[in-house]
Amino acid sequence: MADGLKYQQRELKVVGTRPLRPDGVDKVTGRARYGADINLPGQLIGKVLRSPHAHARILSIDISLALALPGVKAVVTRDDFADMPEEYAASGELTINFRDVTRNMMAREKVLYDGHPVAAVAATSEAIARHALTLIRVDYEILPHVIDVVAAMQPDAPLLNEEQYTEGVKPKPTRPSNIAKRLEFKLGDVAAGFGEAEVIVEREFNTKPVHQGYIEPQACIASTTEDGQAELWTSTQGHYVFRSQCAKVLQMDVSKIRVTPTEIGGGFGGKNNIYNEPLAIALSKKSHRPVKMVMIREEVFRATGPTSGGNVKVKLGATRDGRITAAAAELSFQAGAFPGSSVAPASMCAFTRYDLANVHVIGNDVIVNRPKVAAYRAPGAPIAAFAVESVIDEMAKKLGMDPIAFRLKNAAREGTQTYYGPKLGKIGYVETLEAARAHPHYSAPLGPNQGRGVATGFWFNVGGETSAALNVNEDGTVTVMLGTIDVAGGHRASMAMMVAEELGIAVDRVRPQVADTSVFGFNFVTAGSRATFAGGMACVVAARAAIEELRRRVAKIREVPLEAVLWTDGQAEPADRAAQSFAPMSLADIAKLAGRTGGAIAGHAEINAQGAGPGFGTHIVDVEVDRPTGAIKILRYTVVQDVGRAIHPAYVEGQLQGGAVQGIGWALNEEYVYGADGVLQNPGFLDYRMPVASDLPFIDTVIVEVPNPNHPYGVRGCGEVPIIAPMAAIANAVENAVGIRLCEQPMSPPRVLKALGAVRAGKS
Amino acid sequence: MARHHVTATVNGDAVEFLCETEETLLEVLRDELRLTGTKEGCGTGDCGACSVMLDGRLVCSCLVLGVEAEGRAIETIEGMAVGGDLHVLQRKFLEHAALQCGICTPGILIAAKSLLAHNPNPTESEVRYGLAGNLCRCTGYHKIVEAVLDAAREMRGG
Amino acid sequence: MARISLSSSLTPLTGGETGFELACANVRQLFQALGERYPALRGHLDTDVAVAIDGEIYQDALLQTILRDSEVFLFPKIAGG
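Note that the structure is predicted; figures quoted are calculated from it, not measured. (Residues numbered from 1 in each chain as written. Chains lettered and ligands numbered in written order. Predicted model: local features only at pLDDT ≥ 70, side-chain atom pairs only at ≥ 80, totals over all residues.)

Participant: Would you mind going over the overall build of chain B with me for this structure?
Facilitator: A count of helices and strands for chain B gives five helices and five strands. Ordered by position in the sequence, the α and β elements of chain B form the string β-β-α-β-β-β-α-α-α-α. Taken against the 2.2 N^0.38 rule, which gives 15 Å for 158 residues, the C-alpha radius of gyration of chain B at 16 Å falls within 12% of a compact globule. Projected onto the principal axes, the alpha-carbon positions of chain B cover approximately 50 × 30 × 25 Å. Taken across its 158 residues, chain B has 56% of its residues classed as buried. Across chain B, every contact between residues at least 6 apart in sequence was considered, and the portion connecting residues at least 24 apart equals 58%. (Helix = DSSP H or I, 4+ residues; strand = E, 2+ residues; numbered from the N terminus. Rg over C-alpha atoms; globule rule 2.2 N^0.38 Å. Buried ≥ 20, exposed ≤ 12 C-beta atoms within 10 Å, placed from the backbone. Contact = placed C-beta atoms within 7 Å.)

See below:
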C-alpha cells in the first residue's frame with residue numbers, strides 16, 4: 001500500500017459539500033440514454049425462446065419454420081456456441097465456471113429453470129420475432145424438479161447434475177448431490193463455549209428468494225463487422241467484465257469487442273452478469289446487422305439472477321452477565337441452476353459484528369431449479385443477519401438487557417479476531433451503536449400494537465481493478481475519464497469532487513465521463529461498495545500524477561528547480577518565497593502553453609485498490625401491527641452507518657435510504673412464488689410487491705465517519721451495508737409490538753395472522 | 001396487416017405516425033417518434049415509468065393503444081422544461097438529490113406535476129399516495145417526497 | 001519465516017493443516033509454495049482466495065510484500081453486489 005494514499009486529516013473545500021450531479025439535468029429531462037434508448041440504422045429486434053419447464057432434458061430443437069418466416073434474419077441455439085470445459089476464471093466476479101456461464105446463457109443438454117434460454121431469433125420487427133419464437137419446436141423430456149433449498153439437500157431429491165459431488169466434504173462422497181459445496185469456519189471450541197453458557201437460544205429461519213428489482217429491464221444492442229469486430233452498447237455494472245465474458249463464450253479476442261456502457265437504470269448486483277449480450281453479438285454476426293435485445297419484465301423475473309432463498313439455523317450461548325460464550329450457525333442457500341451462491345460471504349459476516357472466542361459456521365451451496373443467483377447488495381449478508389440479529393435480540397430479552405447494551409457488551413472493535421481470518425482494522429461499529437442509542441428515535445414513546453426493533457449489519461467492502469485518467473484541457477478545465485460505471489450512486493460527481501479537491505480548483509471546472517472499454521485496461525464491476533472507494537483512489541493517484549507533471553512543466557517554463565515549485569489552490573507557486581521566486585501560474589496559464597512546451601498535461605492511474613474498509617450499520621425501526629389483517633406498518637426508521645467519509649453527503653444519504661427500503665421490501669412483501677410445476681407465478685410488479693411511497697415514512701439517516709486509514713479521504717464505501725439490518729430490525733420490532741417471533745421471510749400478512757392465531761390458540 | 005395512420009399533438013407539436021393495432025402508445029412514443037424519455041419498466045401498468053399525460057389525464061402509456069391517441073394531446077417528459085428553463089419540479093429534484101439511476105424519474109416527474117395540478121398544497125401523505133403508482137428502487141422515496149413538497153411550496157409562491 | 005494461517009474453510013484442501021511457517025517474499029511466492037505443498041488448493045489460489053498481511057486485506061495482489069516476520073491469513077475472497 002503506497003503510504004501516500006493513507007488517510008490524511010486536512011481541511012477540505014470541496015469534499016463534503018453538495019454540488020449538483022453532472023448527469024442530473026439529462027436524467028430529469030429524459031435526455032439520458034439507457035440501454036433501450038439506443039437505436040442503430042438497420043437494426044433487428046432479438047427475442048429469446050425460454051423453457052416453460054423447471055427441469056427437462058432437451059431432446060431436439062427444430063428451428064426450420066422460424067428461419068423460413070419472412071423477416072427472420074438469424075436464429076441461434078446451443079449449436080452456435082462452443083461448449084466450455086470446467087474452467088474457473090477470475091473475470092471479475094465470485095468464481096466463474098465458464099462451463100456454467102455458457103449453459104446459463106443458452107441451455108445445452110438440459111433446461112434447468114422456467115425461463116432458461118433455449119434459442120434466440122433476430123427479425124425485422126418485434127412482432128415478427130415474437131411470432132418466430134412460436135414456430136420453434138423444442139422436444140422436452142420433463143424431469144422432476146426441486147426448488148426449496150431444504151428439499152434439494154435431501155438424499156432423495158431430484159438431481160440437477162448427476163456428476164456433482166459435494167466439495168469440501170471428507171471423505172469424498174460416493175453419491176452425487178445438489179449440494180455443490182460445503183464450507184466450514186471454526187474458531188475456538190463451541191462445545192466448551194455452549195457448556196459454559198447459562199442461557200442458550202436456538203432458532204431456525206427461512207427466507208424466500210427476492211429480486212434486486214431494478215426498474216430498467218436488461219437492454220443491449222450489438223453491431224458486428226465483416227472483419228470480426230463487435231460493438232456492444234449495454235446497461236451494465238461492469239463493461240469490462242461483460243467484454244471479458246462475451247469474448248470467452250464467443251471465442252473472440254478481447255480487443256475485438258468494444259463495450260460502451262449506457263446509463264443504467266438500477267443494478268444492485270443484478271447487472272454484473274451477461275444475459276442477452278453474447279446472444280445479440282452472435283445474432284448480429286449471423287444476420288450481418290445490428291441486433292437490439294430488450295427484456296420484458298416477465299423475462300427479468302424468470303431468467304435473470306435474483307438472490308438465494310435460504311435456510312439458516314442459529315444457536316447462541318451466553319452467561320447471565322451478557323457475555324456471549326459460543327455462536328454456531330448453518331446456512332444453506334439456493335445457488336440456482338449452477339453453483340455459486342453467496343453462502344461464503346454470508347457465512348463470513350454472520351457473526352463478525354461480535355467479539356467471540358468460540359464460533360462454528362457451516363455454509364451449504366445448493367443447486368435448485370431456478371435461475372442462477374446473482375449478487376444483491378451485500379450478497380447473502382441480509383439473510384444471515386436476519387437470523388443472527390433475531391437471535392441476538394431474543395437473547396438480550398432473555399437476559400433482561402437492552403438490545404443495544406447487549407450488542408455493545410460483545411461488540412467487535414479494532415483488533416477483534418474474526419472467525420474467518422484476519423483481525424479487524426479500524427472500524428466504527430461501536431460508534432454506530434452509541435449514535436443509535438443516543439438518537440431521539442430510540443427513546444420516543446410507543447402506542448398499542450407498536451414496537452421497536454434494533455439490528456446491525458456488517459459488510460467487508462472491496463477495492464479491485466480500477467483506472468482513471470485526467471486531462472487538462474486548453475482552457476484549464478479538466479476532463480476525468482473513469483473506468484468504473486456510475487450505477488446510480490452519483491460516484492461520477494464524487495470523482496469530480498475529489499479531483500477538484502486535489503487540484504485545488506472549483507468542482508464545475510472538472511467534467512467526469514465514464515469511458516468505454518477501449519479507453520482502459522480491465523476494470524472490475526461497480527459493486528462491493530467500491531466505486532467511490534476505489535474509483536476515488538484511482539482519481540487521486542491520477543490527479544497527483546498530473547500535479548507532478550504540472551510542477552515539472554512550470555519548473556521548465558519558469559526555469560527554476562523542481563523543488564522550488566509548490567502546487568496549491570489550483571496554481572503553481574514558489575515553494576519558498578525567500579529563495580527562488582517566480583510569477584505563479586494557474587492551471588489555465590499552464591494549459592495555454594502546454595502544447596508548445598512538450599504536449600498536453602495528463603495524469604493516469606491503473607490500480608488494484610486494496611485496503612477497503614469494512615462498514616457497519618445500526619438500524620432502529622418502529623412498527624405497528626394491525627391485528628385484524630396482519631399488516632405491518634413502518635412508523636419510523638433510522639439508519640446509522642459508518643461510511644468512513646461522506647464525499648457528497650446527499651448521495652450517501654440516498655444510498656442509506658434506498659438500501660434500507662430494499663431491506664424493508666425484502667422483510668415485508670417480496671418473494672418468488674412457485675407453482676407445483678416449478679413455474680414462477682408472479683413475474684411482474686403487481687404480484688411481486690415492492691415498497692411504494694405510501695408504504696413508508698421518511699428514513700432518517702445518521703452518517704458516522706470513522707475514516708478508513710487506507711484511503712486518502714477516508715472513504716469506506718456505503719452502498720451495501722444499509723440493506724443488511726432491516727429484516728431483523730423489523731422482526732425484532734414485531735416481537736416487541738405483539739410478542740410473536742417471525743422466523744419466515746417475508747413477514748407478509750398471512751404469515752403474521754397465522755402467528756398471531758397460534759399465540760391466541762395458546763401455542764408458543 | 002395495414003397500419004393505422006394517426007394524428008395527434010405531442011408536447012404542443014402536431015405529429016402523425018403509423019402504428020399496428022396492438023402497438024401501445026409507449027411503443028409509438030419510443031419507437032416511432034423516437035421520444036425515449038418515457039421508459040418501459042414493466043409493460044403492464046404496475047410501475048409508472050411510462051407515465052404521460054393524455055388530454056390532461058395521467059395515464060400509463062403502456063396501457064393505452066397508439067390508435068387511441070388519435071386527435072388527442074400528449075405531454076411527455078421532453079415537454080416539461082420550457083425553452084431553456086427547467087420546470088420547478090425538475091430543479092427541485094436536482095437540488096434535493098431526488099434521483100439516483102434516474103430511470104423512474106421521468107414518470108415520477110410527470111406524475112408529480114399532475115398531482116400538484118390537482119392539489120397545489122398536498123400533505124406528505126397525499127404526496128406519497130399520489131406517487132404510489134410510481135416505483136422507485138434506488139431512493140426509498142425520501143428525497144423525492146421532499147423535492148415534491150418543496151416544489152409545491154415554491155409553486156404556491158412560498 | 002512468515003507465519004501463515006488458513007481459514008478453517010480452506011483446511012479441507014490442506015488435509016487439515018491450519019498453519020505453518022514459510023519463507024516467502026511476496027504473495028506470488030506464497031501461492032507458488034502453497035500450490036506445490038497442497039495440490040488441491042492450487043486452483044483456488046488464483047480465483048477464490050484473499051490474503052491478510054499483518055491485518056491488511058489484499059485481493060488479487062500477487063506482488064504484495066510479505067516481511068520476514070509477517071502474520072499472513074488466507075480466507076475466501078469477497079466481491080459484492
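Alright, that's what it looks like, and here's the rest.
Participant: Explain the domain arrangement of chain A to me, please; I cannot follow it from the model alone.
Facilitator: In many reports, interface size means the accessible area that the parts give up when they come together. Residue and element names in this part refer to chain A. Taken domain by domain, chain A consists of domain 1 (3-32 + 463-609), domain 2 (36-142 + 215-303) and domain 3 (380-461 + 613-760). In this structure, domain 1 and domain 3 have C-alpha centres spaced 37 Å apart. Looking at the side of domain 1 that touches domain 3, the elements with two or more residues in it are α14 (491-503) and α15 (531-558). With five residues, the top contributor of residues to the side of domain 1 that touches domain 3 is α15. Broken down by class, the residue content of the side of domain 1 that touches domain 3 amounts to nine nonpolar, nine polar and three charged. (Domains from an automatic or database assignment. Nonpolar A, V, L, I, M, F, W, Y, C, P; charged D, E, K, R; others polar.)

Participant: What's the story with the sheet that holds strand β22 (residues 565-568) of chain A in this structure? I'm lost.
Facilitator: Hydrogen bonds between backbone groups are what pair the strands of a sheet, and the pairing can be parallel or antiparallel. Residue and element names in this part refer to chain A. On the basis of which strands lie adjacent, the open sheet formed by three strands has the order β22-β23-β24 and antiparallel pairing. Among the strands making up the open sheet, the edge pair consists of β22 and β24 (585-586). Across two bridges, the pairing between strand β23 (residues 571-574) and β24 is antiparallel. Of the residues in β24, the one forming a bridge with Gln 571 is Ser 586. (Pairing = 2+ DSSP bridges.)

Participant: What am I meant to see in the domain arrangement of chain B here?
Facilitator: All names here are of chain B. According to the domain assignment, chain B contains domain 1 (4-79) and domain 2 (88-155). On a C-alpha basis, the centres of domain 1 and domain 2 stand 21 Å from each other. Contacts between the two partners involve 13 residues from domain 1, matched on the other side by 11 residues from domain 2. Per-element accounting of the side of domain 1 that touches domain 2 gives the leading share, three residues, to strand β3 (residues 51-54).

Participant: Sorry if this is basic, but what is going on with unusual backbone geometry here?
Facilitator: Residues apart from glycine generally show negative phi values, whereas peptide bonds are mostly found in trans. All names here are of chain A. With omega at 0°, the peptide bond leading from Lys 170 into Pro 171 counts as cis. The linkage connecting Gln 745 with the following residue, Pro 746, adopts the cis geometry, with an omega of -5°. Inspection of the secondary structure puts Pro 746 in the loop between α18 (726-738) and α19 (749-760). Despite not being glycine, Arg 377 has its phi angle at roughly 40°, a positive value. Its place among the elements puts Arg 377 in the loop between β17 (359-367) and α11 (381-399). Arg 377 gets classed as buried once you count the C-beta atoms within 10 Å, which come to 30. Here the phi dihedral of Asn 449 falls at roughly 60°; this positive angle occurs in a residue that is not glycine.

Participant: Hey, could you run me through the interface of chain B and chain A in this one?
Facilitator: Between chain B and chain A, the residue contacts involve 41 residues of the former and 44 residues of the latter. Of all the elements in the fold, those that place two or more residues in the side of chain B that touches chain A are α2 (88-95), α3 (105-118), α4 (124-130) and α5 (142-155) of chain B. Tallied by class, residues from the side of chain B that touches chain A come to 22 nonpolar, 12 polar and seven charged.

Participant: Got a minute to help me understand the interface of chain C and chain A in this structure?
Facilitator: Each partner contributes to the interface: chain C provides 23 residues, whereas chain A provides 37 residues. Of the residues contributing to the side of chain C that touches chain A, the split by class is 10 nonpolar, nine polar and four charged.

Participant: Could you clarify how one ought to interpret α2 of chain B in this entry?
Facilitator: For an α-helix the count is 3.6 residues per turn, leaving residues at separations of three or four pointing the same way. Buried within α2 of chain B we find Leu 89, Gln 90, Arg 91, Lys 92 and Phe 93 of chain B. Considering only its buried residues, α2 of chain B is in contact with α1 (24-29) of chain A together with α3 and α5 of chain B. Directly beyond the C-terminal end of α2 of chain B, a positive phi value near 55° is found at Ala 97 of chain B.

Participant: Just checking my understanding: could you explain the arrangement of the chains for this structure?
Facilitator: Most contacts, when the two pairs of chains in contact are compared, are made between chains A and B. For chain B and chain C, which are not in contact, the least C-alpha distance works out to 14 Å.

Participant: I keep staring at the environment of Ser 70 of chain C and nothing clicks. Help me out?
Facilitator: All names here are of chain C. Tracing the chain through its elements places Ser 70 in the loop between β4 (56-58) and β5 (71-76). Overall, Ser 70 belongs to the partly exposed group, with 17 C-beta atoms counted inside 10 Å. When the C-alpha atoms of Ser 70 and Asp 54 are compared, they prove to be 5.8 Å apart, with 16 residues separating the residues in sequence. Setting aside its immediate chain neighbours within four residues, Ser 70 contacts Ala 2, Ile 53 and Asp 54.

Participant: I'm lost on the nonpolar core in this one. Help?
Facilitator: One recurring pattern in soluble globular proteins is that nonpolar side chains are buried together. All names here are of chain A. If you look at the biggest cluster of nonpolar residues, it comprises 331 residues, and the most contacted ones within it are Val 121, Ala 384, Val 480, Val 499, Ile 730 and Val 734. With 13 residues, α15 is the single largest residue contributor to this core. Once residues within four sequence positions are removed from consideration, Ile 730 is found in contact with Gly 453, Val 621, Val 623, Ile 632, Ile 664, Ala 667 and Met 747. (Core = buried A, V, L, I, M, F, W, Y, C linked by C-beta atoms within 7 Å.)

Participant: Got a minute to help me understand helix α17 (residues 649-668) of chain A in this structure?
Facilitator: Taking 1.5 Å per residue, 20 residues should reach 28 Å; α17 of chain A reaches 28 Å between its end C-alpha atoms and fits that length. When you tally the buried positions in α17 of chain A, you get 18 out of 20 residues, the bulk of the element. (Expected span 1.5 Å × (residues − 1).)

Participant: What is the right way to read the packing of α11 of chain A against α18 of chain A from this model?
Facilitator: Helix packing for two helices is described by the angle between their axes and how far apart those axes are. Residues and elements named next belong to chain A. At their nearest, the axes of α11 and α18 sit 7 Å apart, and the two run at 30° to each other. Judged by the twist between their axes, the crossing of α11 over α18 is right-handed. On α18, the residues that touch Pro 382, Ala 385, Phe 386, Glu 389, Ser 390 and Asp 393 of α11 are Met 727, Ala 728, Ala 731, Asn 732 and Glu 735. A per-class count over the contact of α11 with α18 returns six nonpolar, two polar and three charged. (Axes fitted to C-alpha atoms, helices over the stretch in contact; angles between N-to-C directions. Left-handed = near helix turned anticlockwise from the far one by under 90°.)

Participant: Would you take a moment to explain the sheet that holds strand β6 (residues 110-111) of chain A for this structure?
Facilitator: All names here are of chain A. Strand order in the open sheet formed by three strands is β6-β2-β8, with antiparallel pairing between adjacent strands. The open sheet has two free edges, formed respectively by β6 and β8 (137-142), since each of these has just one partner strand. Note: strand β2 (residues 56-62) against β8, six bridges, orientation antiparallel. Of the residues in β8, the one forming a bridge with Ile 58 is Tyr 140.

Participant: Just checking my understanding: could you explain the packing of α2 of chain B against α3 of chain B for this structure?
Facilitator: All names here are of chain B. Remark: α2 packs on α3, axes separated minimally by 10 Å, with the N-to-C direction vectors making an angle of 130°. In terms of orientation, α2 lies oblique with respect to α3. Regarding α2 and α3, the two cross each other, and that crossing is right-handed. On α3, the residues touching Leu 89, Gln 90 and Phe 93 of α2 are Thr 105, Leu 109, Ala 112 and Lys 113. Looking at the contact of α2 with α3, its residues break down into four nonpolar, two polar and one charged. (Parallel < 35°, antiparallel > 145°, perpendicular 65-115°, else oblique.)

Participant: Please explain the pairing of strand β1 (residues 4-10) of chain B as it appears in this structure.
Facilitator: Along any regular strand, the residues point their side chains to alternate faces of the sheet. Residue and element names in this part refer to chain B. Pairing between β1 and strand β2 (residues 13-19): seven bridges, direction antiparallel. Bridge assignment links Val 10 to a residue of β2, and that residue is Asp 13. Following β1, the chain reverses through two residues before pairing antiparallel with β2; Asn 11 in that reversal takes a positive phi of roughly 50°. Note that β1 and strand β5 (residues 73-75) share two bridges and pair parallel. By the bridge assignment, Thr 9 is partnered in β5 with Ala 73.

Participant: I would appreciate a short explanation of the confidence of the model for chain B in the present structure.
Facilitator: Averaged over all residues, the pLDDT of chain B is 97; the fraction at 70 or higher stands at 99%. The ipTM for the predicted assembly is 0.98, set against a pTM of 0.96. (pLDDT = per-residue confidence, 0-100.)

Participant: When you look at the environment of Pro 339 of chain A in this model, what are you seeing that I'm missing?
Facilitator: Residues and elements named next belong to chain A. If you trace the backbone, Pro 339 turns up in the loop between β16 (324-336) and α10 (343-349). Overall, Pro 339 belongs to the buried group, with 21 C-beta atoms counted inside 10 Å. In this structure the C-alpha to C-alpha distance between Pro 339 and Asp 622, which are 283 residues apart in sequence, comes to 38 Å.

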